[in-house]
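Structural features, examined
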Amino acid sequence: AAARIGQGPLTGKKVLLTAGPTREFLDPVRFISNPSTGKMGLALAEAARKLGAKVTVVLGPVGAVDRTGLEVVDVVSAEDMAREVLSRVEAVDWFIASAAVSDWRPETRAPQKVKKGESPEVLKLVRTPDVLAEASKKVAGAPRRPLLVGFAAETERVLEHAREKLERKNLDAIVANDVTVPGAGFGTDTNRVTVLSRTGVRKDLEGTKLQVAQGILELLLSLPPAVPG
Ligand code: CTP
Ligand code: CA
């Protein structure tokens, strides 16, 4: 047992992550979603665990994944994800939002399968909660505000959009992910990202998702501690 008690830079720290897509059902058999597989978030979870953290992953539907050493909270919709995150975020040291949360959901969910003969011509959509923005609001001004990290999956003006999200959601850092470059983005085993911190640090990272995850955590560990308030 002694061999398993390792000391790492995150020993004694709690890290909360979101990962994977969400599903927003319009009836019992149909949903709006996106191609996220949760690989980047699960790589971050593994990397944080190896550094000694106690890791909780609020995970959208991604199929079978290795859950070794992780607390996994399975969720389906953005609303579920928001509820599970908001009930935990005040108790953690770091919150990293890597999930590809659906921005919209159908306004209503039919209790029974909609038959094709009854197909609506227009699907009315409403906004889902922004899990990261709500978590950020919840911990703003807390005496032990967690370090807050977002992702920005973009197809154009990547760094500009990422900086805007860093500001708007009041984050400590953001991982800018150009999902149009080969070997980056949804479903791949590799990634290429640029991490931007509130304090002006900028770092390009490339490699397997585990290597990129390790690079992200290393950069986060090097940031100056968050100023309360
Ligand atoms: N995010 C979230 N909840 C949402 C939408 C986004 O928690 N409903 C988080 C993502 O996990 C990511 C960050 O916010 O860490 C940015 O997500 P992104 O989709 O890039 O940005 P949005 O704010 O949704 O803006 P847009 O999709 O218009 O670019
Ligand atoms: Ca979005």
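What you see as residue numbers is a count from 1 along each chain, following the sequence as written. Here the convention is simple: chains get letters from A, ligands get numbers from 1, in the order in which they are written. The predicted nature of this model means local features are confined to residues of pLDDT at least 70 and side-chain atom pairs, given and counted, to a pLDDT of 80 or more, with totals for whole chains, interfaces and linings taken over all residues. Only hydrogens and water are set aside when side-chain values are computed; all heavy atoms of the structure are taken into account.

Remarks on the nonpolar core
We call a set of buried Ala, Val, Leu, Ile, Met, Phe, Trp, Tyr and Cys residues a nonpolar core when their side-chain atoms join them within 4.5 Å. Burial status follows relative accessibility: with a 1.4 Å probe on protein chains alone, a residue under 20% of its type maximum counts as buried, one over 50% as exposed, and anything between as partly exposed. L44, V57, I96, I216 and L220 are the most contacted members of the largest nonpolar core, which totals 34 residues. Of all hydrophobic cores here, the second largest spans 26 residues; its members include V89, L166, L171 and L196.

With respect to the site of ligand 1
By convention in this text, a residue qualifies as near a molecule or strand provided that one of its non-hydrogen atoms is within 4 Å of it. Around ligand 1 sit 16 residues in total, of which A97, A99, L132, K165 and K169 are the nearest. Taking P129, its main chain carries an N or O atom lying 2.9 Å from a nitrogen atom of ligand 1. Starting at the N terminus, helices and strands are each numbered in turn, a helix being any DSSP run of H or I of at least four residues and a strand any DSSP run of E of at least two. Listed by contribution, the elements that provide at least two residues to the shell around ligand 1 are α3 (131-139), β9 (147-154) and α4 (158-168). It is β9 that provides the largest number of residues to the shell around ligand 1, a total of four residues. Residue type decides the class: Asp, Glu, Lys and Arg count as charged, Ala, Val, Leu, Ile, Met, Phe, Trp, Tyr, Cys and Pro as nonpolar, and the leftover types, Gly among them, as polar. Grouping the amino acids of the shell around ligand 1 by side-chain chemistry returns nine nonpolar, two polar and five charged. Any pair of nitrogen or oxygen atoms within 3.5 Å is treated as a polar contact; in protein, a donor-acceptor pairing is required on top of that, and neighbouring residues in sequence qualify only through side-chain atoms on both sides.

As for the environment of L219
With respect to the secondary-structure elements, L219 resides in helix α5 (residues 209-222). Separated by 16 residues in the primary sequence, L219 and K203 place their C-alpha atoms 8.1 Å from one another. Not counting residues up to four positions away in its chain, the partners in contact with L219 are V195, V201 and K203. Residues count as neighbours in contact if any of their non-hydrogen atoms are within 4.5 Å of one another.

Regarding the confidence of the model for the protein chain
Close reading of the predicted structure is inappropriate where its pLDDT is low. For every residue, the pLDDT score states the predictor's confidence, bounded by 0 at the bottom and 100 at the top. Mean pLDDT over the protein chain: 94, with 95% of residues reaching 70 or higher. Here the prediction assigns the complex a pTM of 0.95, and the interface score ipTM is 0.99.

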